[in-house]
Amino acid sequence: MTTTRLRIGTRGSPLALAQTRQLRALLAAALGLEAETLPIEVIRTTGDMIQDRPLSESGGKGLFTKELDVALIEGRIDLAVHSSKDLPTHLPPEIAIAGYLPREDVRDAWIGRNGATLDALPEGAVVGTASLRRGAQVKRLRPDVSLVLLRGNVETRLRKVESGEVDGTLLALAGLKRLGLERHATAILPIEDFLPAAGQGAIAVTKRAGDARVREALAAILDPATAAALAAERAFLTVLDGSCRTPIAAHAKIIGDKLIGEEIEFHGMALRADGSAVYEARRRGPSMDAALIGDAAANEILLRLPNGVAGLT
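Notes on the structure follow.

What counts and how
- Residues numbered from 1 in each chain as written.
- Predicted model: local features only at pLDDT ≥ 70, side-chain atom pairs only at ≥ 80, totals over all residues.
- Heavy atoms only, no water.
- Helix = DSSP H or I, 4+ residues; strand = E, 2+ residues; numbered from the N terminus.
- Buried < 20%, exposed > 50% of the residue type's maximum accessible area, 1.4 Å probe, protein only.
- Areas by Shrake-Rupley, 256 points an atom, 1.4 Å probe, with all protein chains shown as cover.
- Core = buried A, V, L, I, M, F, W, Y, C linked by side-chain atoms within 4.5 Å.
- Contact = heavy atoms within 4.5 Å.

With that out of the way, let us pick up the overall build of the protein chain. For the protein chain, the helix and strand inventory stands at nine helices and 13 strands. Across its three principal axes, the protein chain shows a C-alpha extent of roughly 60 × 45 × 35 Å. Relative to its 313 residues, the protein chain shows a buried fraction of 51%. Split by element, the accessible area of the protein chain, about 13400 Å² in all, is 51% carbon and sulfur.

Further remarks concern the nonpolar core. By size, the foremost hydrophobic cluster in this structure holds 29 residues, and its most contacted members are Phe236, Leu240, Ile264, Phe266 and Ile301. Those elements that provide at least two residues to this core are α8 (224–239), β11 (248–255), β12 (263–271), β13 (278–286) and α9 (290–304). Counting residues per element, this core draws most heavily on α8, which supplies six residues. For Ile301, the contacting residues outside a window of four places in its chain are Phe236, Gly268, Met269, Ala270, Tyr279, Glu280 and Ala281. Leu6, Ile8, Val81 and Leu218 belong to the second-largest nonpolar core, a separate cluster that totals 16 residues.

Here Lys85 lies in the loop between β3 (79–83) and β4 (95–100). Classification of Lys85 by relative accessible area gives partly exposed; the value is 24%. Sequence separation between Lys85 and Gly32 is 53 residues, and the spatial gap between their C-alpha atoms is 30 Å.

This is a description of form; function is not addressed.
Right, dumping it as structure tokens:
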């Protein structure tokens, strides 16, 4: 198998590049190659260029993947690296998810100006976020705070807190760790209060559908447990139309072991955008049924929504 010409595509943010270098190092080691023999192609996406409005108003998650998908289809790259939570629920038929690296910490981190916690913010404080999920979860606990749009890479958002443009923000702990910036976290938020986005903490790899060469090259570094968890979370998103237009959270984890049987423990949530209503579902079952478990949890929530998913926005 010829592997030395595998070209890796990625967005150009510091976090995207850190994740891509992590994957490249693992892949090169597994293949017995020098990392430099696996070139990285930086591709600017539409999502990177839109900074003045929420993604929900601009086309959703596909804005971070479209240009990478095109590069794959055209053969300019052989695999693409993504933050899993940025992957849309429906991919072009020419594109397939190859798998995921072992998942990092899924929790959100709170970054408060001058070390202030979310609980300690004064009434009417300003919290910046680009995430409908995080905004709804903040309003659920602190309905008195004001939410403002905060786009940009991790470093930009940290600077905006430090400068006082906002009183605080929330970021994925996994991203802070990958950038060596976890020291900026004022608090690590409990999963029960801040259930993460589907896919949070996981690095996904996409490839051309049917590309056996890339599938074989990646086999040694991809993690089946993370794939099972993400199958449940993405199934949950698919039913609830998780496209950045609805506040949705989901987390699945593997419990047990291969000797006695692995199971999926799933917790899903849909929120009203202002945090005034929360609908939750929990499921547990065999890991081989991961997608069915996520699907069932989402349909349970759908049955309880008085006006369907549209009523949550």
